[in-house]
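What follows is the residue order along each chain.
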Amino acid sequence: MGLKVLLLKDVPSLGKKGEIKEVSEGYVRNFLIPKGFVAIATNGIEQSQVNILKQKESRIDKEIKRAAVLKDKLEENPLYLEAAVGEGGKIFGSITNRNIAEELKNKLGLSIDKKVIDIETPIRSIGRHYITIYLSKDVKANLILEVKPRSHKQ
């Protein structure tokens, strides 16, 4: 029979930080405790870890639900963006994920990190483009971006 321990750090082949594992007494006393990898799991510690895991799961569920609502909002309608265009419908420069993040903030009030916006190929022409936005580990939105020529006012 072993001892129940709380992992204070990730331990290869044993588990990840925060997990409670049952490990042989010798391994615990001779290696894990001297290296600062574990603490002996008392009933209080076990209950505390159960509560922490429940809170973490609840937070993850809320994030996934929020991401799903955001996904629906992003996929409802295309995002329209105007760009300066030269001959043949070519854009001067290109549309970047930063431009898209700014446009989402300005038009929809959504604060989305430019790092989660995936543009497969640089956008250098007017027309319809498809963008993937990774909202969470499990939720991604497929955004339609319509690039139009900027109207010239005189």
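Shown above is the structure to which this text applies.
Residues numbered from 1 in each chain as written. Predicted model: local features only at pLDDT ≥ 70, side-chain atom pairs only at ≥ 80, totals over all residues. Heavy atoms only, no water.

A. Representation of the sheet that holds strand β8 (residues 127-134) within the structure. If you trace the four strands from one edge of the open sheet to the other, you get β4-β9-β8-β6, paired in mixed fashion. The sheet terminates laterally at β4 (79-83) and β6 (117-118), the two strands that pair on one side only. Contacting β8 and β9 (140-149), helix α2 (residues 43-76) crosses the sheet at an angle of about 30° to β9. Packed onto the sheet, helix α3 (residues 97-108) meets β4, β6, β8 and β9 and runs at close to 120° relative to β4. (Pairing = 2+ DSSP bridges. Helix = DSSP H or I, 4+ residues; strand = E, 2+ residues; numbered from the N terminus. Contact = heavy atoms within 4.5 Å. Axes fitted to C-alpha atoms, helices over the stretch in contact; angles between N-to-C directions.)

B. Region of interest: the layout of surface pockets. If you add up the space inside the largest pocket, you get close to 160 Å³. For the largest pocket, the full set of lining residues is K16, K17, G18, E19, Q49, I52, L53 and K56. Class assignment for the residues of the lining of the largest pocket results in two nonpolar, two polar and four charged. (1 Å grid on protein atoms, 1.4 Å probe; cavity = no way out; pocket = protein on both sides within 12 Å on 5 of 7 lines; lining within 4 Å. Points joined across faces, edges and corners; volume = space filled by probe spheres on them. Nonpolar A, V, L, I, M, F, W, Y, C, P; charged D, E, K, R; others polar.)

C. Focus on the side chain of Q49. Position of Q49 relative to the elements: it lies in helix α2. Since its relative accessible area comes to 10%, Q49 is described here as buried. (Buried < 20%, exposed > 50% of the residue type's maximum accessible area, 1.4 Å probe, protein only.)

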